[in-house]
Amino acid sequence: MNVLVLHGPNLNLLGEREPHLYGRTTLAELDAQLAARAAELGMAIRCYQSNHEGSLIDFLQAERRWARGLLLNAGALTHTSWALHDAVRAVGLPCVEVHLTDVQTREAWRHFSVLEGIRQAVFSGKGVESYLEGLAFLASHG
Ligand code: DQA
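Description of the structure in this document. Predicted model only: the values in this text are computed from it and were never measured.

**Describing the overall build of the protein chain**
For the protein chain, the count of helices and strands is five helices and five strands. Reading the protein chain from its N terminus to its C terminus gives the helix and strand order β-α-α-β-α-β-α-β-β-α. Its C-alpha radius of gyration of 14 Å places the protein chain within 12% of the 14 Å reference for a compact globule of 142 residues. Taken along its principal axes, the extent of the C-alpha atoms in the protein chain is 35 × 30 × 25 Å. Within the protein chain, contacts between residues separated by at least 24 positions form 75% of all contacts whose residues are at least 6 apart in sequence. Counting only carbon and sulfur atoms, one obtains 48% of the accessible surface of the protein chain, whose full area is about 6700 Å². Distance between charge centroids for the protein chain: 5 Å, based on 12 positive and 15 negative side chains.

Next up, the structure:
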């Protein structure tokens, strides 16, 4: 199974960004862990990070025919981007939303997700493990 892994704004700074919240693992290390787990699960992944909403949408559109699933941490765009909502709907890929932190116990504006109603599952609050659990979910439900 081919899976796209999309990381939204500011996730390029993982490892140095508020490590008490987001941990010390860098984005490169996270992607390497995902690639290793994907291989164990018999999956292939393509990872992409951007700070720009349109770039994330361009990547999703460009890769839509290769992929059979989407693992998405849209960062703050999770809470605001109807364009990203529309893009996920448009490509029609099974989508799993992931967050390193538990967004439901943080500021009120983080409680809402534009992916509500169109994603298959959410894994949050477990750091890197949120992504790994999301990948396993796609492997078993994709
Ligand atoms: C995040 C949570 C978002 O609210 C925040 O804007 C992020 C990261 C997480 O992984 O916990 O950038 O998606």
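Don't stop here, the text continues.
**Considering helix H4 (residues 82-91)**
Looking at H4, one finds that the buried residues are Leu84, His85, Ala87, Val88 and Val91. Along H4, the residues classed as buried sweep out an arc of 165° about the axis, all on the same side. Exposed side chains of H4 directed beyond 90 degrees from the buried face belong to Arg89 and Ala90. Residue Gly92 follows H4 closely and has a positive phi angle near 70°.

**Quick look at the state of the cysteines**
If you walk through the whole model with that rule in mind, you get zero disulfides. Of all cysteine sulfurs, the one in Cys47 lies closest to Cys95, which takes part in no disulfide; the gap is 15 Å. Relative accessible area serves as the criterion here: at 0%, Cys95 is assigned to the buried category.

**Observations regarding the side chain of Arg110**
Inspection of the secondary structure assignment puts Arg110 in the loop between strand S4 (95-99) and strand S5 (121-124). A polar side-chain atom of Arg110 sits 2.7 Å from a polar atom in the side chain of Glu107. Dropping the residues within four chain positions of it, Arg110 is found in contact with Tyr22, His79 and Val103.

**Details of the packing of helix H2 (residues 27-40) against helix H5 (residues 128-141)**
At a minimum axis separation of 10 Å, H2 and H5 run at an interaxial angle of 30°. In this view, H2 runs roughly parallel relative to H5, as classed from their interaxial angle. Helix-helix and strand crossings are classified by hand; for H2 and H5 the assignment is right-handed. Between H2 and H5, the contacting residues are Leu30, Gln33, Leu34, Arg37 and Ala38 on the first element and Val128, Tyr131, Leu132 and Leu135 on the second. In terms of residue class, the contact of H2 with H5 is made up of seven nonpolar, one polar and one charged.

**Focus: the pattern of salt bridges**
By the definition in use, this model includes six salt bridges. Across the salt bridge formed by Glu107 and Arg106, the nearest N and O atoms sit 3.8 Å from each other. A relative accessible area of 17% means that Arg106 is categorised as buried. Between Glu133 and Lys126 there is a salt bridge, with the nearest N and O atoms lying 3.1 Å from each other. Put simply, Arg106, Glu107 and Arg110 are held in one network by salt bridges that share partners.

Conventions used here
- Residues numbered from 1 in each chain as written.
- Predicted model: local features only at pLDDT ≥ 70, side-chain atom pairs only at ≥ 80, totals over all residues.
- Heavy atoms only, no water.
- Helix = DSSP H or I, 4+ residues; strand = E, 2+ residues; numbered from the N terminus.
- Rg over C-alpha atoms; globule rule 2.2 N^0.38 Å.
- Contact = heavy atoms within 4.5 Å.
- Areas by Shrake-Rupley, 256 points an atom, 1.4 Å probe, with all protein chains shown as cover.
- Lys, Arg positive; Asp, Glu negative; His and termini not counted.
- Charge placed at Lys NZ, Arg CZ, Asp CG, Glu CD.
- Buried < 20%, exposed > 50% of the residue type's maximum accessible area, 1.4 Å probe, protein only.
- Arc of directions from axis to C-beta.
- Disulfide = S-S within 2.5 Å.
- Polar contact = N/O pair within 3.5 Å; in protein donor to acceptor, adjacent residues only side chain to side chain.
- Axes fitted to C-alpha atoms, helices over the stretch in contact; angles between N-to-C directions.
- Parallel < 35°, antiparallel > 145°, perpendicular 65-115°, else oblique.
- Left-handed = near helix turned anticlockwise from the far one by under 90°.
- Nonpolar A, V, L, I, M, F, W, Y, C, P; charged D, E, K, R; others polar.
- Salt bridge = Lys/Arg side-chain N within 4 Å of Asp/Glu carboxyl O.

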